[in-house]
Each structure stands twice: as C-alpha cells, then as structure tokens.
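Okay, here's what each chain looks like letter by letter:
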Amino acid sequence: MNRAGLFVPLGVFALILVVGFAGFQLTDPHQLPSALIGKPFPEFSSTLLTPEGVSVDRSRLVGSPVLVNVWATWCPTCKAEHDELMRIRATTSLRIVGVNYKDDPQQALRWLQEFGDPYEFNLLDLDGTLGVELGVYGAPESFLLDAEGIIVYKRVGEINQRIWQQELVPRLRELEVLGDA
Amino acid sequence: MLRRLAWVALLMAVTVHAASPVDVFQFPDAQLEARYRSLIAEFRCPKCLNTNLAGSDAPIARDLRVTVHRLVTREAFSDAEVRAFLQARYGDFVLYDPPFRPGTYLLWFGPGVFVVLGLVLVGFRLAHQKAAQLSSQDQARLQAILGDETAEELDDALSDE
C-alpha cells in the first residue's frame, strides 16, 4: 500500500472535526431562521395596553420603519434589553412598538411606570394569537419593518449594543432612519 | 430489594404520566379528533428542538395545539392547509419531513452520494487487489525461494499458527 494512503484516516478524522466544529459554531439551534423575512407583517386586530380598549390594526405600523418588540413582564431577558430600548428611543427617531405577549396588563403598566416606556404604543396579545401569526416562540423577539410594513429583520433574544451596532444600524441606514456615520 | 424496585417502577410510571400534557378540547366528531391527533404528532415544537407538539409541555406548544384545534374544527382547514399555515409562520423547522428544494438537496441526496462513494471505493480496492496478484515470474521466484514446499503447504503452515 502507498505510504501516503496511511494518512487517509487522519485526513477523514480532520475533516469530521472541521465540519463538526463549524457546524456547532455557526448555528445556534435555538435561533430558527424566520419564515417571515421579506414578507409583510401579518394583518391583525388588537387592542392597546393604553389607552385601554382602543383597537388598532396593521395600518398603524406602516408609513415609516418601525421596530416591533414582543415582550412580557414574566420574561427576564425582556428586562435585560429594556435599557437598550430606552436608549434607542432617546437617541434615535426609530419608532418602537411593543407587543405585550401573554402578560397581565396591570403588571405591564406597572413595569412601564417603573422602568420607563420606550414604546409608541403597546398591542395586547393576551392569548398569544398574534404571537402565532408572527412565528414567536420565545420572548423577547423583535421585528424590523420598513415603511411598507415588510419584515426586513427578525431577532430572537435580547436587543443589546452588539445587535444594535451589527444588525440594526446597517439596516436602519438602508431604510434612511439613520444618517451615514 | 424487590419491593423497593417495585416502588421505583411505580413512581416512574406516575411521573411519566404527569409529564405528558393533557388538553381538554371539544370535537364535533371522532374523525376531526383523529386528524387533530395525527397533526399535533406530526409537527415539531419550535421551542424544544426535539419534541413534537403533542408531547411538549412548553407554552408555545400548547398555543400551537390550540391553534391547530381552531384551524381543524372552526376554520375547516385541510391537513395540507394546516401544514402550510404552520410552515409559513415557523418555517421548515416545524416539519420533521424537510421539503424538497435546492436548499435541502444536500439533505436528500447526501446519503445516496455517500453510498455511491462507498461503492466506488470498494470497486477501486477490488480492482487494485487483482492487480496486486503475483505475476507468473514472481510465482516462479517464490517457488525457488521456498524450495520443495508448495504454496499449498505454505498455506497449511500459515493456518496452523
């Protein structure tokens, strides 16, 4: 047998190692690709957290780009991203709309009084129906919509400085919400 | 000892039962219920990676069971329409059976490619082995070295070891 042939098993082993390593590094099995990217934000009819009982539909989300943030008071990661949402609200012109997901409206109101309210308004999704329409499987989730209401980006998990800089800022420049730096 | 084992078995049986989620849904007829049962067994829970909707007690799995129930009973969706509904919102992930399109060719053809590769490798080695058989000249040299011993005797000697 050819001497070089002896190295074939080693090569195969190295290949398995590289493929396995890349496979585990590149994809987080908890980050599912969204089926909704490039599609319009679904039609819905929902009531507002405040003022109470006022009903709204999809038309309230179109006109200018908006970040739709699905949150709840029972969700610890939502608390972790809250300061970043407050910062975005204070320093940019990006609209932020909340979807209060399977939550107690009274607790949600208390949360906003206590920690600040970055939202233009909050849709109530008491039973998770809107969540199912949006393919939500764990709060927090955020959707960036262009002015026509098309979903251009989805984030499962918290919005933080890194996500803001790497994922949102370039898209917001494209949407002309942010000027070129 | 046996008694203790029996107790452990009994407790395990109880926990398994407690862990499987039970929903109380009304169905107008048994056929719809059967369709509902087979549908929730078919989809994967988006939160838990490897449990189907029927077997998961995650809140999202419950929401999706409620949704499937609503689609089947109130909106009279066909099985294909329910599949399309969930796939449109949660993506291919919820389907255990991946769809056939360019992005999944590797998944569908991969095993076949490996089988063909294996066959080629086996064929190559067999061909190589034939080529490695001794030529008549080498055979004669071998005879000369071995002297009186025939190849058969050599075989016997080897198998005795």
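These numbers were taken from a predicted model, which means no experiment stands behind them.

Asks: Sorry, what's going on with unusual backbone geometry here?
Replies: Among all residues except glycine, the phi angle is most often negative; among peptide bonds, the trans geometry is most common. For the bond running from Thr50 of chain A to Pro51 of chain A, omega is -5°, close enough to zero to count as cis. Tracing the sequence through the fold places Pro51 of chain A in the loop between β1 (45-47) and β2 (55-57). Put simply, Ala139 of chain A and Pro140 of chain A share a cis peptide bond, and its omega is -5°. In this fold, Pro140 of chain A is placed in the loop between α4 (129-133) and β6 (141-145). The backbone phi angle of Glu176 of chain A is positive, close to 60°, even though this residue is not glycine. The residue Ala76 of chain B is not glycine, and still its phi comes out positive at about 55°.

Asks: Would you explain the confidence of the model for chain B in this entry?
Replies: Close reading of the predicted structure is inappropriate where its pLDDT is low. Residue and element names in this part refer to chain B. Confidence in the prediction of chain B, expressed as mean pLDDT, is 81, and 78% of residues score 70 or more. Between the elements of chain B, mean pLDDT differs from a low of 61, seen in helix α7 (residues 151-160), to a high of 93, seen in helix α3 (residues 59-73). For this predicted complex, the interface score ipTM comes out at 0.78, alongside a pTM of 0.73.

Asks: Even after reading the chapter, I still don't get the packing of helix α2 (residues 30-42) of chain B against α3 of chain B, so can you show me in this structure?
Replies: Each pair of packed helices can be summarised by the angle the axes make with each other and by the distance between the axes. All names here are of chain B. It is at 10 Å that the axes of α2 and α3 come closest, and there the two elements cross at 145°. By crossing handedness, the relation of α2 to α3 is classed as right-handed. Each of Leu32, Arg35, Tyr36, Leu39 and Ile40 in α2 lies in contact with α3, whose residues at this interface are Arg65, Val68, His69, Val72 and Thr73. Class assignment for the residues of the contact of α2 with α3 results in six nonpolar, two polar and two charged.

Asks: I tried to follow the environment of Glu167 of chain A on my own but got confused; where do I start?
Replies: All names here are of chain A. One can find Glu167 in helix α5 (residues 161-174). Considering only alpha carbons, one finds Glu167 and Val62, 105 residues apart in sequence, at a separation of 21 Å. Beyond its immediate chain neighbours, meaning those up to four positions away, Glu167 contacts Tyr153 and Arg155.

Reading the values: rules and limits
Residues numbered from 1 in each chain as written. Chains lettered and ligands numbered in written order. Predicted model: local features only at pLDDT ≥ 70, side-chain atom pairs only at ≥ 80, totals over all residues. Helix = DSSP H or I, 4+ residues; strand = E, 2+ residues; numbered from the N terminus. pLDDT = per-residue confidence, 0-100. Axes fitted to C-alpha atoms, helices over the stretch in contact; angles between N-to-C directions. Left-handed = near helix turned anticlockwise from the far one by under 90°. Contact = placed C-beta atoms within 7 Å. Nonpolar A, V, L, I, M, F, W, Y, C, P; charged D, E, K, R; others polar.

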